[in-house]
Every structure is written in C-alpha cells, then in structure tokens.
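Results of the structural survey
Given next are the chains, with one letter for each unit.
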Amino acid sequence: MMSTILDIAKLAGVAKSTVSRYLNGGSVGEATKKKIEQAIQETGYSPNPFAQSLKAKKTNIIGTIVPRLDSYASSQTLIGIDEQLKKLNYQMLISNTSQNLEREIESIYSFANQKMAGIILLATEITDQHIQAFESVKIPVLLIGQEHKNFHSLIHDDYDAGYAMGQYVLEKGYRKIAYLGVTERDISVGVKRKQGFKRAIQEVEDCDVRFYETLFNIPAAQASAKEIIHEFKPAIFVCATDNIALGVLKASYSEGITIPRDLAVTGFGGYDVTGIIHPGITTAKFFYKEAGETAARHIVELVNERTVEKITVSKFEIIERESVDNLLKRPL
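The present account deals with the structure reproduced in this document. Predicted, not measured: the structure shown is a model, and the values here were computed from it.

**Brief notes about helix α11 (residues 242-254)**
Over its 13 residues, α11 runs 19 Å from end to end, which matches the ideal 18 Å to within 8%, given 1.5 Å per residue. With respect to burial, α11 is a largely interior element, ten of its 13 residues being buried. Every buried residue of α11 is accounted for by Asp242, Asn243, Ile244, Ala245, Leu246, Gly247, Val248, Leu249, Ala251 and Ser252. For α11, the secondary structure elements touched by its buried residues are β6 (176-181), α10 (218-232), β8 (236-239), β9 (264-269), α12 (273-276) and β10 (282-286). Where α11 begins, the side chain of Thr241 points an oxygen toward the backbone nitrogen of Asn243, at a separation of 3.4 Å.

**Brief notes about the environment of Ala123**
By the element assignment, Ala123 lies in the loop between β3 (118-122) and α7 (128-137). A relative accessible area of 8% means that Ala123 is categorised as buried. Linking Ala123 and Ile244, residues 121 residues apart in sequence, is a C-alpha distance of 19 Å. The contact partners of Ala123, leaving out residues within four places of it in the chain, are Ile144, Gly145 and Gln146.

**A short note on the nonpolar core**
Core analysis: the largest hydrophobic core is formed by 48 residues, its most contacted members being Val169, Ile177, Phe197, Phe237, Val238 and Val248. Not counting chain neighbours up to four residues away, the residues in contact with Phe197 comprise Gly162, Tyr163, Gly166, Val169, Ile177, Tyr179, Val209, Phe211 and Val238. Judged by nonpolar contacts, the second largest core, of 21 residues, contains Tyr90, Ala117, Leu302 and Val303.

**Focus: the packing of aromatic side chains**
In the structure shown here, the tally under the stated rule is seven aromatic pairs. Geometrically, the ring pair formed by Tyr72 and Tyr288 is edge-to-face, given 6.3 Å between the ring centres and 80° between the ring planes. Taken together, the residues Tyr72 in helix α5 (residues 72-87) and Tyr288 in helix α13 (residues 288-303) connect sequence positions 216 residues apart. With respect to burial, Tyr72 and Tyr288 carry one shared label: buried. Both rings, one in Phe197 and one in Phe211, keep their centres 6.3 Å apart while their planes meet at 75°; by these two values the pair is edge-to-face. Remark: Phe211 occurs in strand β7 (residues 208-213) and Phe197 occurs in helix α9 (residues 187-201); sequence separation between them is 14 residues. Between Lys285 and the ring centre of Phe287, over which it is positioned, the NZ or CZ distance is 5.4 Å. Cation over ring: Lys315 sits above Phe287, and NZ or CZ is 4.8 Å from the ring centre.

Definitions and limits used
- Residues numbered from 1 in each chain as written.
- Predicted model: local features only at pLDDT ≥ 70, side-chain atom pairs only at ≥ 80, totals over all residues.
- Heavy atoms only, no water.
- Helix = DSSP H or I, 4+ residues; strand = E, 2+ residues; numbered from the N terminus.
- Expected span 1.5 Å × (residues − 1).
- Buried < 20%, exposed > 50% of the residue type's maximum accessible area, 1.4 Å probe, protein only.
- Contact = heavy atoms within 4.5 Å.
- Polar contact = N/O pair within 3.5 Å; in protein donor to acceptor, adjacent residues only side chain to side chain.
- Core = buried A, V, L, I, M, F, W, Y, C linked by side-chain atoms within 4.5 Å.
- Phe/Tyr/Trp six-rings, centres within 6.5 Å; stacked < 30°, edge-to-face > 60°.
- Lys NZ or Arg CZ within 6 Å of the ring centre and 35° of its normal.

Structure (structure tokens):
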C-alpha cells in the first residue's frame, strides 16, 4: 500500500504538519529532519509532485488545451510537449475540448484558477472570446497552429507548404486539379495552405482548378470526393490534410479508380499511415513532435519571464510517394 504523510509522521514520532513543512522546504530542526528522512527511506514514500505544485505559490504545471485527442497532429504535438516539459522539470495537464469552442474558453479560465504556470493552446481558430480570456487570466499563453499579433505563437509553414505542393503537382504535369480544403475559419489549414497553392498555379497557364470544402474527417472527405469525381473528373486531388486524402483514396477505390494511373492524390501532414498504406500518399510533412518540443521550451521561457520570439515557424518537407505519377514521362 502507498504510504502517506501521516504514516511518515507516526513512524518519525512528529506531527503531520512538521512532515508537510519538511517536504515543502520549510524550517525543521536537524534531529527531526533525520527522523523524517529515515521514515521516508523505510516506507519508500514518494511525494506527489502534482499536488505539491498546486499547493505552492508558483506551480510547475503547464495547462495544455487540445481540440481533439484522436488526431495524429495533436497526439504527436502532445508527446513533444510532454517529453520536453519533463526534461525541464515541468508537468503537463491536458484538457480535451472535443472541438467545442465554449469548452475551450472554459478551460482557459479553469487552468488559470488552478494556478497553472502557463497555458499552451493547440488552436484551430482565435475568436474575440479567446482574446478576452487570454488577457484576463494574466499568465503566459502560447498558441500552436494559429497566430495572433498580441500573443506568442508557434505555427507550421502552411503558406510555403501550399506553394511547394502546388509547384510539385504542376511539375508532374497536372493541370486539371481539384483542391479539397476545409473551412476558412481555420486560418492555417483553411486559408494559408490554399493561398500558397493558389500562388503556385497562378504562375502557369492553362490550369483548370476548382476549389471545394469538406470536413476534417475521412467519411466526409470520402463523400465529397465521390461528388467531385462525378462532377469534375479531376486528374489530381490536392487535399488540405492527410485525412482528407485518405477519404479521397477510399472514394476512388469504391468507384473502381486506380491510383495514380487514373487519379493522383496528395495531402498535408505527414501522418505515419500515409507511408504504410499502398499506394503511399505524397504529402507535405510537418514535424509535429519537434514543434511540441519547441513550444514546451518557449512556454517555460515565458513563465520565467525570459524573451521569446513572438512567432516561430516550424519546418516542412515534401515527401514523394506512389500516389502521384509523372504525366510528362508517360508514353504517348
């Protein structure tokens, strides 16, 4: 059975408050200190760092708010945050909001009331309510995935990734293109990736490009892709996320379409599954775990009132796989 402060106090023959004072760094006589240390050694007692931190005037807990846990990007980012915080002697407390903005705002205030040292928000959008909450809580806040001029942010290079993907598909000879994106309320995924892609296609002539929106999940993307295939018959789908690309793959197979012979597909994200399935999906890989590590270092710097760049941009890489053919090298 796990020992408690009361067990230590009884074994050492001192008051429970004396043990608590010792554990929290308070003044204890040398003889009493030795008794408590001996009792701790005999029982194998280990103090709860989370509880200790909440009782302290300055905690070492970083509240991390995530819109969904069933996301590759979120899970990898959280792993990076957690591993780095542990190295810095901080802890992470997670609040999952299930993509509910009201719960997201509530979590900001709740974390502040629980005396978190700082807050990391994996953001999908920043509303006036968010801004009001950030300004009210008076503790350091760091955004991941979205940026705002008044708050520290770590963003992925969505615009340049969109531009690079546009250049890539054009270099492969594709001109009849369906871009399957998401709501523009999500500035990073819904706007910046599309803007970067648009810039690339504006640099060439004779492109037939149509822009569509769907939801982030695979079933919705699959349904959207089926409609687009029948209506537009594109040569390639450029998808705003890897999950959307997976939905397009499912739609293609259900329609008897072969990838990449009849239809090419690309995504954004670099999820592990895109390299495991066949054909593998060409994608713009973002380094989520490394971004989480950077975010952890930055929030700790902010907590300790040290200078951090207002905006940090995470890198990306185009990963070429079998889902895209080279039309320029196909035999006539």
